[in-house]
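Residue strings, one per chain:
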Amino acid sequence: MSDASDKPGLVLRHVTADDMTRIQPLWEALYEHQMEHGMLLRLPENAYDAWHKSIAPFLGRFAVIVVAELNGEIVGFIAGRIRTLPPYFGSTTVGYISEVFVSESHRSGGIGRRLLAFAMDWFQAQQITRVELQVVAGNPDGIRFYRQLGWHEELLQMVWDGSLRVKP
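Residues numbered from 1 in each chain as written. Predicted model: local features only at pLDDT ≥ 70, side-chain atom pairs only at ≥ 80, totals over all residues. Heavy atoms only, no water.

Considering the pairing of strand β4 (residues 93–102)
Alright, step 1. Most of β4 sits out of view: nine of its ten residues are buried.
Alright, step 2. Of the pairings in the sheet, the one linking strand β3 (residues 73–84) to β4 comprises nine bridges and is antiparallel in character. Looking across to β4, one finds that Ile 78 is bridged to Val 100.
Alright, step 3. Chirality of the crossover, the property in question, places the unit of β4, helix α3 (residues 111–125) and strand β5 (residues 131–133) among those that are right-handed. (Buried < 20%, exposed > 50% of the residue type's maximum accessible area, 1.4 Å probe, protein only. Helix = DSSP H or I, 4+ residues; strand = E, 2+ residues; numbered from the N terminus. Pairing = 2+ DSSP bridges. Right-handed = clockwise from strand over helix to strand, strands pointing away.)

In structure tokens form, the structure reads like this:
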């Protein structure tokens, strides 16, 4: 597949209100993909609606969603927020990439890299110098993607799930 910058008809832009229903299938596919790769959290019914309601009021100032549209079809998106670390970490304002997804048929063509660059430019315009994200541990392609772009591991998230039997 060619680089996204060579894709005629590819447009990266901030989400509009009309796009929110169009990205729902991609958002749901993202979490299905994450569960297939080991994410233990299960989404409740109407999870997308709750996510949408939680991010929409903050778009533009404290949150961003960017879509990748190819010939009129939204084929990927990225979402991020600005948050403040606790006082014991200096109350520093940081960026957080919460979702990145490119439809399977459009992967490996540079769209994900361009979405991430667009979001990083937005964070920098907001004076954010540290951006964090999480990758499901069982997603080697995702981990490799971020490493190739200069991201590195800082913490390893571990989860105890009370529904799983713990061996003594």
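On we go from here.
Concerning the pattern of salt bridges
Alright, step 1. On inspection of all chains with the given rule, the structure shows nine salt bridges.
Alright, step 2. The shortest N-O distance in the salt bridge between Arg 22 and Asp 19 comes to 3.3 Å. Of this pair, Arg 22 and Asp 19 are both found in helix α1 (residues 19–36), three residues apart, which corresponds to roughly one turn of the helix.
Alright, step 3. Here Arg 22 falls in the partly exposed class, since its relative accessible area comes to 33%.
Alright, step 4. Classification of Asp 19 by relative accessible area gives buried; the value is 2%. (Salt bridge = Lys/Arg side-chain N within 4 Å of Asp/Glu carboxyl O.)

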